[in-house]
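Spelled out, the chains give:
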Amino acid sequence: MKQKVLLIVPHQDDELFVGGGLLRSLAKGGDYEAYAVYTTNGDFFPHEAEVRLGEAVRVLTEFAGMEESHIFFLGYGDGWKDGGHIYHQAGAEPLVSMAGRTETYGTDGHGDYRYARSGGHSAYRRADFKQDLKDVIAGVRAELLLVVDFDKHADHRAASLLAEECLGELFREDASYRPLVLKRFAYDGVWKGGADFFELPRRGTVLAGLSRTPYRPEEALRFAMPEDCATPYLSRNALYRALRRHRTQEAWQKADEIINIDEVFFRRSADNLLYTASLTASSGNPEYLRDFKLFDCGDVTERKLVLKECGWKPEERDAERTVRIRFSRPETVGRIAAYAPGGRETDRVNAVFSFDTDAEPVSMEIRADGKRNLCTFVPREGVREVTLRIESWEGAVWGISELEILPPEEQELPAALKKLLFHGDTLRVTGLVKPRIKMEKAVLALKRKISRWLPNSYTLRRHYPEIARRERVSVRYRVLYIAERLRAR
C-alpha cells in the first residue's frame, strides 16, 4: 500500500509555497498518496472565495496528481471583522469573518469538511476550528505531514500552532501514530524570498529570518525541486504554470522569488517518549513539556512575536523544582532535547536528569534562545523513571516550553525522501544558457510591467468595489485604472 502525505496550509496558493516541488515529486514517484487541507476559504475579498477554491482544486489535481476527494476545505474565514483572530476566540459567540459569515462553507460542488462529514457546518469558534483540523489529521492518518510554519501572516501562524496543538493531543491519545512532520515557511525564502532565480551560478534557498525562529541552520532539510519545476525557462516550468493558475493572486509575478532549485523544511520529532509517560511536577504545569508546541503566541496578528505562557516553570517558592516522568514500560534513552524561550542570549537554565537505574545523571545547560538544545549521552537502558530537576535559572526565562526524551538514534528519513535530498544544481550551463536566462528574466519583468498597467479582472474588482460581483469588467474601468496610474506618476 502507498503511504500518505497530508499538506496543511491556510490559503489557496500556499500549497505551492509549502508543498510545491516536494509534493509533486512524491506524487509522481508513486510512493505516496497525496492529501491536502486548507484552513480558510481565502475570502478576505468575499466574491473571490468560490474562484479561489476552484483554482486550488485545479492546481492540486493537475500539478500534484491529487484526487479531488483528497482535498479538504475547513471553510473558515480569511480575516475577521473585529480585527482579532479565531486563534484567540473564546466563549460561545462565534466570530464574524470579513465575508460576513459565522460558520463554515464550501462551494456547490465541494462542501466544507464538517458539512461533508456530518451534514452540519462548524461555527467560527476556536474549539470548532481545532476539532475540524484534528479530525482531518486523524482521519487521513498520513505517514508524512507537510505543515506551514510560523511566519509573518496571522493565518499561517494560526494554522502552524493549531496543527502542533492537534498533533500533541493525537500523540498522547494514540501511541501507534508517529508521522514524520516537516514544516516549511511560506514567506521567508519563498513569497518574501530574494529575486535570485535567474542568477548564475544558481544557489539554494536563502532563509533570512532564522535568528527569530526555533531552528538552527544546520537543522534544515533541503529537498531538490523536480527538474521541470527548477528549469529557468518559465514556459517549461511546471511550478510557474501552476502559479499562473492562481489568477486571483497573480502569484506568478513573484516567480523569481518563489521558485528555487530546492525547498527547505524543518523536521519536528514525533518519537518523544513523554507522550506515553505520566508526568508530575512539584509546581507548575508539566503538560506544556509535551504539547508539541515550541512556543505559543499571545497575538498572531502582531508582526513581532508576542509570547504567552507556554512552558513549565516552577513557582519561585518551590525549593524542589522537579518533574517526575514515569514510563509504562522500560525504555532506552540516549538523547534529550529542550526548548526554552527567553529574553536574551545570556538567559539559560541548568538542569539535571536522574534515572531510576544506577546510571549516572545527565547535566544539561539549556540556552533560553527558543532553539533546540540537544544533549546526547551513553544510552541508559531499562529506564522506567526520569527526574528533571532545575538547578538554577539565569535571566528572563519563560520556562521549558518543550522537552523531548528520545531514543539513542533518530529515525532515518524514508528512502523515498532521502533520494530527493538536494545535492546541488543539475543545470548544465552551456554557451546558450546564459543569454536564454537573461531573456527569460527580461520577459518576466516586461510581463509584470504590462500587468501593472493592464491588470486582470480580479485586480480591477478589488480596486473598484462596485463591480466586485459583476461577471465581466467593462473597458471603461480598465481605462479608469490607467488614467489613475498616469495621474499618480
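Residues numbered from 1 in each chain as written. Predicted model: local features only at pLDDT ≥ 70, side-chain atom pairs only at ≥ 80, totals over all residues. Heavy atoms only, no water.

Remarks on the sheet that holds strand β7 (residues 262-268)
And step 1. Taken in spatial order, the seven strands make up an open sheet running β3-β2-β1-β4-β5-β7-β6, and their pairing is mixed. Because the sheet does not close on itself, it has two edges, and the strands there are β3 (71-76) and β6 (220-224). Recorded for the sheet is a direction-independent mean angle of 25 degrees between the axes of neighbouring strands.
And step 2. Relative to strand β4 (residues 144-148), strand β1 (residues 3-9) is paired through four bridges, and the arrangement is parallel. (Pairing = 2+ DSSP bridges. Helix = DSSP H or I, 4+ residues; strand = E, 2+ residues; numbered from the N terminus. Axes fitted to C-alpha atoms, helices over the stretch in contact; angles between N-to-C directions.)

Focus on a positive patch on the surface
And step 1. Judged by side-chain charge, Lys152, Lys192, Arg212 and Arg303 come together as a positively charged surface patch.
And step 2. With respect to the helices and strands, the residue Arg303 is situated in the loop between β8 (278-281) and β9 (322-339). (Patch = residues over 30% accessible without salt bridge, like charges linked within 9 Å, V, L, I, M, F, W, Y side chains within 5 Å. Areas by Shrake-Rupley, 256 points an atom, 1.4 Å probe, with all protein chains shown as cover. Salt bridge = Lys/Arg side-chain N within 4 Å of Asp/Glu carboxyl O. Lys, Arg positive; Asp, Glu negative; His and termini not counted. Charge placed at Lys NZ, Arg CZ, Asp CG, Glu CD.)

Some thoughts on the side chain of Asp43
And step 1. Position of Asp43 among the secondary structure elements: in the loop between β2 (32-40) and α2 (49-63).
And step 2. Salt bridges are absent for the buried Asp43, whose nearest opposite-charge side chain, Arg101, sits at 5.3 Å.
And step 3. Discounting chain neighbours no more than four positions away, the residues touching Asp43 are Ala49, Tyr76, Gly77, Asp78, Ala99 and Tyr105. (Buried < 20%, exposed > 50% of the residue type's maximum accessible area, 1.4 Å probe, protein only. Contact = heavy atoms within 4.5 Å.)

A word on unusual backbone geometry
And step 1. At the junction of Leu200 and Pro201, the peptide bond is cis and its omega measures out at -5 degrees in the coordinates.
And step 2. Positionally, Pro201 belongs in the loop between α6 (187-191) and β6.
And step 3. One non-glycine residue with positive phi stands out, namely Arg141, at about 55 degrees.
And step 4. Topologically, Arg141 is positioned in the loop between α4 (126-140) and β4.
And step 5. Residue class for Arg141 comes out partly exposed when judged on its relative accessible area of 36%.
And step 6. You will see that Arg321, though not glycine, has its phi angle at about 50 degrees, which is positive.
And step 7. Mapping Arg321 onto the fold places it in the loop between β8 and β9.
And step 8. The partly exposed category is assigned to Arg321, whose relative accessible area is 22%.

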